[in-house]
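Listed below are the residues making up each chain.
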Amino acid sequence: MALYSDKVMDHFRHPRNVGKIEDADAVGEVGNAVCGDIMKIYLKIENDIITDVKFETFGCGSAIASSSMATELIKGRPVSEALELSNKAVAEALDGLPAHKMHCSVLAEEAIKKALLDYYTKNNIPYDESIFAGLDEEIESHHD
Ligand code: FES
């Protein structure tokens, strides 16, 4: 059996939503200290709907495929649904990732959560802190 599914290979070779949104409403950046990979997610949000999403990932093939799939899964969806996106759902949508590559999908979940935390913070929207437990508190775009 091939190590990577056809979907992983497809999203790695032809990633969707790559790039940056200059006037993003929210940005989230996370990294994995062990492998050194970095993922950044940009969101445009209108009336609580994610109207556009782009990503920049400096990382392995699974991280790129995970970012690509994750952005496809949240595009056009309400913020509340994006908040519920788990790394497992990303991996499942990719028809699975090898066990030692599951952490790559965790980066995608965390980058989206961090961008949504940025959105809540910037707009003074109250949120349930437990949803963001485990993410580090620093939102780069939020420094003066
Ligand atoms: Fe670390 Fe893939 S090896 S994100």
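Described in the following lines is the structure provided in the data block.

Parameters and conventions
Residues numbered from 1 in each chain as written. Predicted model: local features only at pLDDT ≥ 70, side-chain atom pairs only at ≥ 80, totals over all residues. Heavy atoms only, no water. Salt bridge = Lys/Arg side-chain N within 4 Å of Asp/Glu carboxyl O. Axes fitted to C-alpha atoms, helices over the stretch in contact; angles between N-to-C directions. Helix = DSSP H or I, 4+ residues; strand = E, 2+ residues; numbered from the N terminus. Parallel < 35°, antiparallel > 145°, perpendicular 65-115°, else oblique. Contact = heavy atoms within 4.5 Å. Core = buried A, V, L, I, M, F, W, Y, C linked by side-chain atoms within 4.5 Å. Buried < 20%, exposed > 50% of the residue type's maximum accessible area, 1.4 Å probe, protein only. Polar contact = N/O pair within 3.5 Å; in protein donor to acceptor, adjacent residues only side chain to side chain. Phe/Tyr/Trp six-rings, centres within 6.5 Å; stacked < 30°, edge-to-face > 60°.

## Considerations on the pattern of salt bridges
Working step 1: All told, the structure shown has 8 salt bridges when counted by the stated rule.
Working step 2: Among the charged side chains, a salt-bridge network with shared partners connects D23, D25 and K44.

## Considerations on the packing of helix α1 (residues 6–13) against helix α2 (residues 61–74)
Each pair of packed helices gets described by two things: the angle between the helix axes and the distance between those axes.
Working step 1: At a closest axis distance of 8 Å, the pairing of α1 and α2 adopts a crossing angle of 90°. In terms of orientation, α1 lies roughly perpendicular with respect to α2. Here K7, V8, H11 and F12 of α1 come into contact with α2, specifically with G61, I64, A65, S68, M69 and E72.

## What about the nonpolar core?
Working step 1: Counting 37 residues, the largest nonpolar core has I41, L43, I50, I74, I112 and L116 as the members making the most contacts within it.
Working step 2: Secondary structure elements with two or more residues in this core: β1 (26–31), β2 (38–46), β3 (49–58), α2, α3 (79–83), α4 (87–93) and α5 (102–122).
Working step 3: Setting aside residues up to four positions removed in sequence, I50 forms contacts with L43, K44, I45, I74, K75, G76, R77, V79, A82 and L116.

## Structural notes on the side chain of S67
Working step 1: Of note, S67 is situated in helix α2.
Working step 2: A distance of 2.8 Å separates the side chain of S67 from the side chain of T57, its partner in a polar contact.
Working step 3: Here the side chain of S67 touches A63 through a polar contact of 2.5 Å, landing on its backbone oxygen.
Working step 4: Filtering out sequence-adjacent residues up to four positions away, S67 remains in contact with M39, F55, T57 and A108.

## Overview of unusual backbone geometry
Working step 1: Non-glycine residue D48 carries a positive phi angle of around 70°.
Working step 2: When you line up the elements, D48 lands in the loop between β2 and β3.
Working step 3: In the Ramachandran plot, N124 falls in the positive-phi region, its phi being about 50° despite a non-glycine side chain.
Working step 4: Given a relative accessible area of 70%, N124 falls into the exposed group.

## Section: the packing of aromatic side chains
Working step 1: By the definition in use, this model includes 4 aromatic pairs.
Working step 2: Both rings, one in Y120 and one in Y127, keep their centres 5.8 Å apart while their planes meet at 10°; by these two values the pair is stacked.
Working step 3: Residue Y120 is classed as buried on the basis of its relative accessible area of 11%.
Working step 4: Ring centres of Y120 and F132 lie 6.2 Å apart, and the angle between their planes is 75°; on these two criteria the pair is classed as edge-to-face. Of this pair, Y120 sits in helix α5 while F132 sits in the segment after α5, and the two are 12 residues apart along the sequence.

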